[in-house]
Amino acid sequence: MTADAFTALLPFLVLSAAAVAVMLAIAIRRSFRLIFWLTVGGLLASLSTLPHALAVAPLRVTDLLLVDAYGLFFHALLLLAALAVALLCLAYFRRRENENEEIFVLLLTSTLGALLLVSSAHLAMFFLGLEVLTISLFPMIAYSVRASRPLEAGIKYLMLSGLASSFLMFGMALVYGDLGGLSFEQIGASGAALEQKPLALAGMFLILAAIGFKLSLVPFHLWTPDVYQGAPAPVTAFLATVSKASVFALLLRFFTTVHAERSETFLCVLGLLAVVSILAGNLLALLQDSLKRLLAYSSIGHMGYLLVGFVAAGLLRRDLQAETIAFYLAAYTLTSLAAFGAISAISDDARESDRLSDYAGLFWRSPWLAAVLTLSLLSLAGIPLTVGFVGKFYVFAAGVQAETWPLVATVVVGSGIGIYYYLRVVLAMIQPADAGHRLALHPAAGTALAVTALLVLAAGLFPQLLIDAAANTPHSPTTADSPHQAAASPAASR
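Residues numbered from 1 in each chain as written. Predicted model: local features only at pLDDT ≥ 70, side-chain atom pairs only at ≥ 80, totals over all residues. Heavy atoms only, no water.

- As named in an unreviewed UniProt entry, the protein chain is NADH-quinone oxidoreductase subunit N, taken from Methylococcus geothermalis.
- Under the UniProt heading Catalytic activity (unreviewed entry), the entry covering the protein chain gives this text: "a quinone + NADH + 5 H(+)(in) = a quinol + NAD(+) + 4 H(+)(out)". (UniProt positions renumbered as here; feature names shortened; annotations may be inferred.)

Shown next as structure tokens:
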């Protein structure tokens with residue numbers, strides 16, 4: 001191994017070492033606070049290696065792994081999100097009975113799986129990263145084993161993840177059988193001929209189905225509301241941010257490397273998935289009286305918005321496509337962390353505050369928490385001065401310039417419906433309520449909420465820094481501009 005390859009691998013190596021160190025520390029001495037600090041130290045140490053890895057990027061470390069600026073942007077986003085979840089876990093699990101130190105080991109290993117997924121350059125690493133991420137998520141979701149709902153959510157996620165993995169493996173087998181290779185570049189070398197290879201095309205659609213399950217795209221979304229509601233609130237935050245952002249980043253790298261934009265069949269299928277996800281997610285969110293289920297259906301709609309950006313920006317320019325997706329994912333991650341962090345902070349030892357009635361009068365009982373939750377809901381709705389507005393503007397502008405009018409109309413309709421159910425929660429919070437006790441906020445949860453809320457507001461007011469950071473195209477030696485490239489774009493007009 002060369003020195004450059006070792007440097008490029010440092011984020012993975014440091015995070016792996018941190019997971020092992022935390023496991024050993026648990027075996028020697030059980031101390032929830034000590035394990036928390038070791039976890040935070042491991043995440044910060046991995047973050048500190050990113051500038052060194054960037055200095056040698058882009059670099060193909062092996063046939064399986066590619067370290068480039070695009071992947072390192074998501075490494076930073078995922079590690080910061082995991083750090084926020086660790087803070088939420090400290091506040092949430094410290095007051096629960098039993099020994100809860102293992103939640104931090106699972107957090108580190110699942111984050112490692114997410115980093116591997118983002119840097120995958122081969123279907124084998126795609127599968128390995130996805131399984132490392134998913135297998136760690138099973139016990140995280142069902143962590144509170146004495147409660148029936150988390151256990152049920154964990155079993156549902158296990159069974160449906162097994163089904164998605166079988167789709168993925170079968171799809172990979174068909175692709176290999178027809179093309180004789182599993183690296184993204186080998187698949188991309190088939191170019192437009194892919195549509196004339198029925199086995200490979202069927203395999204690609206099976207892989208897309210597996211990705212659709214992880215992203216909760218309709219019709220693969222059925223697990224989402226039950227798992228979101230059943231999992232502990234900090235784990236739901238991790239599931240909604242790190243898991244989905246890493247899978248979508250992988251989707252972009254995979255489909256740009258294999259030149260999926262050249263296939264009208266793929267674009268039509270992705271567009272259809274976007275439309276039904278936006279409409280179904282937003283309409284079903286209207287019916288919910290549980291805030292976690294409402295946010296689960298809302299996340300389905302947001303994955304649909306991302307697919308609109310993926311299809312529309314991909315028809316214009318590849319760099320615009322990457323910029324749109326990276327910015328939207330960063331905005332969605334920050335906003336979701338603030339929303340689920342507020343739910344985690346409001347929940348007490350007996351049960352999670354999940355029903356909308358639990359939030360009645362929150363502005364009078366805890367103005368700070370109510371303000372953070374309101375800000376996150378306004379950002380999810382795409383209201384100006386929040387980072388969510390800029391993300392949705394990217395998607396809308398790309399759709400208009402690419403003249404994908406059915407997709408643009410769906411975004412407008414979905415956003416209009418979303419404003420109604422998000423404001424419904426805000427109205428519940430400002431309603432007068434019986435005098436109740438003021439909520440005590442743990443310093444760790446307070447820190448996580450303060451930082452994420454400030455970032456949601458700061459990136460909405462001054463988005464250029466995040467735009468510059470997100471402007472990285474997945475590196476590929478075979479990259480070619482889209483045949484539908486157009487001169488005009490939001491990036492060009494900035």
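There's more to say after this.
## Observations concerning the overall build of the protein chain
Thought 1: Within the protein chain one finds 21 helices and two strands.
Thought 2: Over its C-alpha atoms, taken along the principal directions, the protein chain stretches across nearly 65 × 55 × 40 Å.
Thought 3: Going through the 494 residues of the protein chain one by one, you find that 62% of them count as buried.
Thought 4: Sequence separation of 24 or more characterises 80% of the internal contacts of the protein chain that already satisfy a separation of 6 or more.
Thought 5: Element-wise, carbon and sulfur atoms account for 69% of the exposed surface of the protein chain, whose accessible area totals about 18,000 Å².
Thought 6: Of the charged side chains in the protein chain, 26 are positive and 27 negative, and the gap between their average positions amounts to 7 Å. (Helix = DSSP H or I, 4+ residues; strand = E, 2+ residues; numbered from the N terminus. Buried < 20%, exposed > 50% of the residue type's maximum accessible area, 1.4 Å probe, protein only. Contact = heavy atoms within 4.5 Å. Areas by Shrake-Rupley, 256 points an atom, 1.4 Å probe, with all protein chains shown as cover. Lys, Arg positive; Asp, Glu negative; His and termini not counted. Charge placed at Lys NZ, Arg CZ, Asp CG, Glu CD.)

## Re the environment of Ala 444
Thought 1: Secondary-structure assignment places Ala 444 in helix α19 (residues 443-461).
Thought 2: As for Ala 444 and Leu 88, which are separated by 356 residues in sequence, their C-alpha atoms are 6.6 Å apart.

## Examining the side chain of Thr 236
Thought 1: Inspection of the secondary structure puts Thr 236 in helix α11 (residues 233-257).
Thought 2: With residues up to four places along the chain from it excluded, the contact list for Thr 236 reads Tyr 228, Ala 231, Lys 292 and Phe 340.

## Remarks on the packing of α11 against helix α13 (residues 291-316)
Each pair of packed helices can be described by the angle between their axes along with the distance between the axes.
Thought 1: α13 packs onto α11 with a crossing angle of 15° between their chain directions and a minimal axis gap of 12 Å. Comparing the axis directions of α11 and α13 gives the class roughly parallel. Where α11 crosses over α13, the two elements pack in a sense that is right-handed. Residues Ala 233, Thr 236, Lys 244, Phe 248, Leu 251, Leu 252 and Phe 255 of α11 pack against Lys 292, Ser 299, Met 303, Leu 306, Leu 307 and Phe 310 of α13.
Thought 2: Counted by class, the contact of α11 with α13 contains nine nonpolar, two polar and two charged residues. (Axes fitted to C-alpha atoms, helices over the stretch in contact; angles between N-to-C directions. Parallel < 35°, antiparallel > 145°, perpendicular 65-115°, else oblique. Left-handed = near helix turned anticlockwise from the far one by under 90°. Nonpolar A, V, L, I, M, F, W, Y, C, P; charged D, E, K, R; others polar.)

## Let's talk about the environment of Leu 407
Thought 1: Looking at the secondary structure, you find Leu 407 in helix α18 (residues 405-430).
Thought 2: It is 37 Å that separates the C-alpha atoms of Leu 407 and Leu 50, two residues lying 357 residues apart in sequence.
Thought 3: In this structure Leu 407 touches Gly 271, Val 275, Val 308 and Val 311, once residues within four positions along its chain are discounted.

## Description of the packing of aromatic side chains
Thought 1: Taken as a whole, this structure holds 22 aromatic pairs when the rule is applied.
Thought 2: Taking 5.2 Å as the distance between ring centres and 65° as the angle between the ring planes, the aromatic pair formed by Tyr 157 and Trp 223 counts as edge-to-face. Residue Tyr 157 is found in helix α7 (residues 148-179), and its partner Trp 223 is found in the loop between α9 (198-215) and α10 (224-230); the two are separated by 66 residues along the sequence. Each of the two residues, Tyr 157 as well as Trp 223, counts as buried. (Phe/Tyr/Trp six-rings, centres within 6.5 Å; stacked < 30°, edge-to-face > 60°.)

## Remarks on the environment of Phe 310
Thought 1: Assignment of secondary structure puts Phe 310 in helix α13.
Thought 2: Placed 269 residues apart in sequence, Phe 310 and Gly 41 show a C-alpha to C-alpha distance of 35 Å.
Thought 3: Once residues lying within four places of it in the same chain are set aside, the contact partners of Phe 310 are Phe 248, Leu 251, Leu 252, Phe 255, Leu 270, Gln 321 and Ile 325.

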